[in-house]
Structure formats: structure tokens, C-alpha cells
Amino acid sequence: AAQRFGAHPEQEAEIRDLLGQTYLKLSMWPEARTQLGLAIDLWRRSAGPDDPRALRTQISQVRNLLNAALTNEAEPLINDLLPRLDRVFGPDAPETLEAQRSVAIIHMLRGRVDQAEALLRRLRAHPALADKEMSQITILGGLLAVYTQRFSTDDSGRRDQYLAEAEPLALEWVARTTRRLGPRSTTTLQATTKWAEIVCGRGRYAEAAAACRTVLENGSAERLGECHSARTGAMYTLAECLTRMGEEQEPADLLLRVIQCA
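These remarks concern the structure in this document. As the structure is a computational prediction, the values presented were derived from the model and not from experiment. (Residues numbered from 1 in each chain as written. Predicted model: local features only at pLDDT ≥ 70, side-chain atom pairs only at ≥ 80, totals over all residues. Heavy atoms only, no water.)

Take the nonpolar core next. Ranked by internal contacts, the top residues of the largest apolar core, which has 60 residues, are Val62, Ile78, Leu81, Leu144, Phe151, Ile198 and Leu238. If near-sequence neighbours (up to four positions away) are discounted, phenylalanine 151 is found in contact with Arg159, Tyr162, Leu163, Ala166, Glu197 and Ile198. Ala39, Leu42, Trp43 and Ala54 belong to the second largest nonpolar core, which has five residues in total. (Core = buried A, V, L, I, M, F, W, Y, C linked by side-chain atoms within 4.5 Å. Buried < 20%, exposed > 50% of the residue type's maximum accessible area, 1.4 Å probe, protein only. Contact = heavy atoms within 4.5 Å.)

Here is the structure:
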């Protein structure tokens, strides 16, 4: 890209951005960070810091940093980005709303779960996002991540309440991802695993175990690799459910596979 488009920085930026987005979809966070960063620098130099293309790529960079658990780097970037998105695109633009979802994820990672949930629910109800399937899918994923943090409470009554509140959200997440992305997509498998975790927590062990087996037995190992997070999550939840059902050998084998993947 540098050799072919060196004299045309905006074209090189488009190539760098495409590479970065591709790496992002492949969960190759360091490679995505490098290419997205190059695209941002090229657009800033050629068209200015508030160029819409540069701003959109910065949104992707924030998402990439959060995927890589680099919250300390993502937070100042999004704080600088939000007022410029509001000024260039407007407060109700998809770009601005996507950036606000990243703010909610940062709240969650910082332990500010009430703030995270409030922002995600506000985005979920926003008229500009109500009919956008992919936006609703990502928001639901964020809400369920918030609930996952709450499940760790020592108060069994509150934990049961959180599980009951989370189950319909998880069912909706599974339904939306299956409809939009297909039953074998990575996101659908992750949603199914999360629903199984919740159902297991509510004592419906056979239902949860069956859901986990669909994740593990539909060719996901060949497509994603044995140790993909959707699979290891399903292994762990299946082991827990089977243990609750009185089984011993298969749970031990499953947990050993999880350990080997760590």
C-alpha cells in the first residue's frame, strides 16, 4: 500500500482502513490497531482531524482497543472523540450512537455497571436504532455482559433476580443473531452459550446442557478452533450443569479441555 499509493495518501488510507477492518473481524487486535492507526494518521494529514472518514476509523479503533482489553487507551480516545462526532455528525447519527455504546462498555469494564446499563438501555430504545438489527444485537451483548458482572453477587436472592431479568434478553439475543447472522455464526454461538449459562444458573440443567452441546457439536471446532471463547464457555457451562446432574467423568474431561486451552 505504501509503495503503490505513497503519492495518494487518501487512497492509501482507504486501503489501510480496509485492512484494519478485516483484521478487526478476524479478532487480530494488534494488526488491526496498526492499520487503523495508519489510516487515521493519513486522513488527518491529508484532510484534517475532523474528516468524517478519520472519525469513523477512530470509532473502529476504540472498539478494537476494547476488544484487546486496553481500556486505559480507549477511554481518553473516546472522550476526545465524542464532542467531535457530535459536532460533525450530530447527536443522533449512527456514528455518535456507536461511540456512546463504547462509552457504556468502558463504564462496565471500570465497574460502573449502573451507568453502563442505563446508557445501553437508552441506546436500545433510541428511535434511530430501534429497527437496526445489528445495533440491537451489539447492545444486547453489552447488556448481558453487564448482567454477567452482577451474577457474581453473594446475595442469592439478588442473583436469582438478575438471572430472571437476563434470560429474556439472552433469548432475544439468540433469536436476533440466528435470524440476522445464521445459526452457525460466532455471535449466535456466543449468545447460545450465554443463554445456557443463565438457564443453568436458574437450575434448568438439562436445557442448558443441550444448548451447550449444540455449540460444541455443530462443527464449531473446525470453523473456529477448539479453544475459541464460545466453545470454552460452552464447555465450562456444560461441565457445571452435568456436575449438578450428578455426573463426574464428563465434567472432569471438559474442565481439563478448558484448562488446556487457557
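The rest of the description comes next.
For the rest of this paragraph, the subject is the environment of alanine 125. Along the chain, alanine 125 turns up in the loop between helix H7 (113–124) and helix H8 (133–150). In this structure, the C-alpha to C-alpha distance between alanine 125 and leucine 65, residues 60 residues apart in sequence, is 26 Å. (Helix = DSSP H or I, 4+ residues; strand = E, 2+ residues; numbered from the N terminus.)

As a packed pair, helix H11 (residues 205–216) and helix H13 (residues 229–244) sit with axes 9 Å apart at the nearest point and diverge in direction by 150°. For the element pair H11 / H13, the angle class is roughly antiparallel. Considering how the two elements wind past one another, H11 and H13 form a crossing that is left-handed. In this structure, H11 contributes Tyr205, Ala208, Ala209, Cys212, Arg213, Val215 and Leu216 to the contact, and H13 contributes Ala230, Arg231, Ala234, Met235, Thr237, Leu238, Cys241, Leu242 and Arg244. (Axes fitted to C-alpha atoms, helices over the stretch in contact; angles between N-to-C directions. Parallel < 35°, antiparallel > 145°, perpendicular 65-115°, else oblique. Left-handed = near helix turned anticlockwise from the far one by under 90°.)

What follows concerns the packing of aromatic side chains. Tallied over the entire structure, the rule returns one aromatic pair. Measuring from ring centre to ring centre gives 6.4 Å for tyrosine 147 and tyrosine 162, while their planes differ by 65°; the resulting arrangement is edge-to-face. Of this pair, tyrosine 147 sits in helix H8 while tyrosine 162 is found in helix H9 (residues 156–181), placing the two residues 15 residues apart along the sequence. Classification of tyrosine 162 as buried rests on a relative accessible area of 9%. A cation over an aromatic ring shows up here: arginine 150 above the ring of tyrosine 147, its NZ or CZ 5.9 Å from the ring centre. (Phe/Tyr/Trp six-rings, centres within 6.5 Å; stacked < 30°, edge-to-face > 60°. Lys NZ or Arg CZ within 6 Å of the ring centre and 35° of its normal.)

Once that is clear, we can look at the pattern of salt bridges. A side chain of one charge can pair with a side chain of the opposite charge when the charged atoms of the two come close. Counting across every chain of the model gives 27 salt bridges. Measuring nitrogen to oxygen at the nearest pair gives 2.7 Å for the salt bridge that ties arginine 124 to glutamate 172. Taken as a pair, arginine 124 in helix H7 and glutamate 172 in helix H9 lie far apart in primary sequence, 48 residues in all. We classify glutamate 172 as partly exposed; its relative accessible area is 21%. Between arginine 179 and glutamate 133 there is a salt bridge, with its nearest N and O atoms 2.9 Å apart. With arginine 179 in helix H9 and glutamate 133 in helix H8, the pair connects residues that are 46 residues apart, well separated along the chain. Given a relative accessible area of 18%, glutamate 133 falls into the buried group. A single salt-bridge network, built from bridges that share partners, covers Arg124, Glu133, Glu172, Arg176 and Arg179. (Salt bridge = Lys/Arg side-chain N within 4 Å of Asp/Glu carboxyl O.)

This brings us to the side chain of histidine 126. Among the structural elements, histidine 126 can be located in the loop between H7 and H8. Within the structure, histidine 126 has its side chain in polar contact with the backbone nitrogen of alanine 128 (distance 3.0 Å). Contacts of histidine 126, omitting those with residues within four sequence positions, involve Asp92 and Leu97. (Polar contact = N/O pair within 3.5 Å; in protein donor to acceptor, adjacent residues only side chain to side chain.)

So, on to the state of the cysteines. Enumeration over the complete set of coordinates arrives at two disulfides. With cysteine numbering restricted to those in disulfides and following the sequence, the protein chain has the pairing 1-3, 2-4. Take cysteine 212: it sits in no disulfide, and the sulfur closest to it among the cysteines is that of cysteine 241, at 5.8 Å. With a relative accessible area of 0%, cysteine 212 lands in the buried category. (Disulfide = S-S within 2.5 Å.)

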